[in-house]
Amino acid sequence: MSTENQGHGNDQSFNIVVNGTQEVWADQHITYEQAVQLAFPGGPTDLLYTVSYANPHGKDGTLAPGQKTVVKDGMIFNVGKTNRS
């Protein structure tokens, strides 16, 4: 699955992996919400998800709702539904 250019005038694309699936990302940033949509297309939006990433060119981290990170080629994102009781 590819994503459309987010309208930033950037023609560079990045190869990333989301939950084990290779993706091509055409923006310099990715938000929590975009990572969730890549991992669970059309999935429920009323759930909380855990979004973590490994960056081979910098720091690893996590994203919370409303946050974004700079995308680098080869980044790996793991997105999972948060267990809440």
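Structure first, text after, so check above.
Values in this document were obtained by computation on a predicted structure and should not be read as measured data. Along each chain, the written sequence defines residue order, and numbers are assigned to residues from 1. Only residues with pLDDT of at least 70 are given local features in this predicted model, and only at 80 or more are side-chain atom pairs given and counted; all residues enter the totals for whole chains, interfaces and linings. Side-chain numbers here rest on the full set of heavy atoms in the structure, without hydrogens or water.

Novice: Whenever I open this one, unusual backbone geometry confuses me. Can you help?
Specialist: Most peptide bonds take the trans form, and the phi angle of most residues other than glycine is negative. Of note, Asn-19 is a non-glycine position whose phi angle comes to about 50 degrees, a positive value. The helix count covers DSSP runs of H or I at least four residues long, the strand count covers runs of E at least two residues long, and both are numbered beginning at the N terminus. By secondary structure assignment, the location of Asn-19 is in the loop between β1 (14-18) and β2 (21-25). A relative accessible area of 32% places Asn-19 in the partly exposed class. Each residue's exposure class comes from its accessible area (1.4 Å probe, protein chains only) as a fraction of the maximum for that residue type: buried when under 20%, exposed when over 50%, partly exposed otherwise.

Novice: I tried to follow the nonpolar core on my own but got confused; where do I start?
Specialist: The criterion is simple. A nonpolar core is a set of buried Ala, Val, Leu, Ile, Met, Phe, Trp, Tyr and Cys residues joined through side-chain atoms within 4.5 Å. In terms of nonpolar packing, the biggest core is built from 18 residues, with Ile-16, Val-18, Ile-30, Val-51, Val-71, Phe-77 and Val-79 touching the most fellow members. Here this core gets five residues from one element, more than from any other, and that element is helix α1 (residues 32-39). By the convention used here, residues are in contact when the closest approach between their heavy atoms is within 4.5 Å. When sequence neighbours within four positions are dropped, the list of residues in contact with Phe-77 reads Ile-16, Val-17, Val-18, Asn-19, Ile-30, Val-51, Ser-52, Tyr-53 and Thr-69.

Novice: How should I be thinking about the sheet that holds β1 in this particular structure?
Specialist: Sheet strands associate in pairs through backbone hydrogen bonding, adopting either a parallel or an antiparallel arrangement. DSSP-based pairing: two strands are paired if at least 2 bridges between them are found. Reading across from one edge, β2-β1-β7-β4-β5 is the order of the five strands in this open sheet, with mixed pairing throughout. Strands with a single pairing partner mark the edges of an open sheet, and in this sheet they are β2 and β5 (61-63). Along the sheet, successive strands turn relative to each other by an average axial angle of 30 degrees, direction set aside. Bridging between β1 and β2 involves five bridges; their strand directions are antiparallel. By the bridge assignment, Ile-16 is partnered in β2 with Glu-23. Note on geometry: axes are lines fitted to C-alpha atoms, helical ones only across the stretch in contact, with angles between N-to-C directions running from 0 to 180 degrees. Strands in contact with α1 are β1, β2, β4 (49-54), β5 and β7 (76-81); relative to β4, the strand with the most contacts, it is inclined by about 95 degrees.

Novice: Just checking my understanding: could you explain the pairing of β4 for this structure?
Specialist: Looking along a regular strand, one sees side chains alternate from face to face of the sheet. Along β4, the buried face is formed by Tyr-49, Val-51 and Tyr-53; none of Thr-50, Ser-52 and Ala-54, which line the opposite face, is buried. Pairing between β4 and β7: six bridges, direction antiparallel. Along β7, the bridge assignment pairs Tyr-53 with Phe-77. By the bridge criterion, three bridges tie β4 to β5 in an arrangement that is antiparallel. Opposite Tyr-53, over in β5, you have Gly-61 as the bridge partner. A loop of six residues connects β4 with β5, the two strands running antiparallel in sequence.

Novice: How should the packing of aromatic side chains be read in this particular structure?
Specialist: For any pair of aromatic rings, the description rests on two quantities: the centre-to-centre distance and the angle between the ring planes. Stacked, tilted and edge-to-face are the three classes applied to pairs of Phe, Tyr and Trp rings, where Trp contributes its six-membered ring and a pair requires centres within 6.5 Å; stacked means planes under 30 degrees apart, edge-to-face means over 60, and tilted covers the rest. Summed over the entire model, instances satisfying the criterion amount to two aromatic pairs. Centre to centre, the rings of Tyr-53 and Phe-77 are 5.8 Å apart; their planes meet at 45 degrees, and the pair counts as tilted. One end of the pair, Tyr-53, is in strand β4; the other, Phe-77, is in strand β7, and 24 residues separate them in sequence. The side chain of Lys-81 reaches across the aromatic face of Phe-40, ending 5.4 Å from its centre. Either the NZ atom of lysine or the CZ atom of arginine qualifies as a charge over a ring when it sits within 6 Å of the ring centre and within 35 degrees of the ring normal.

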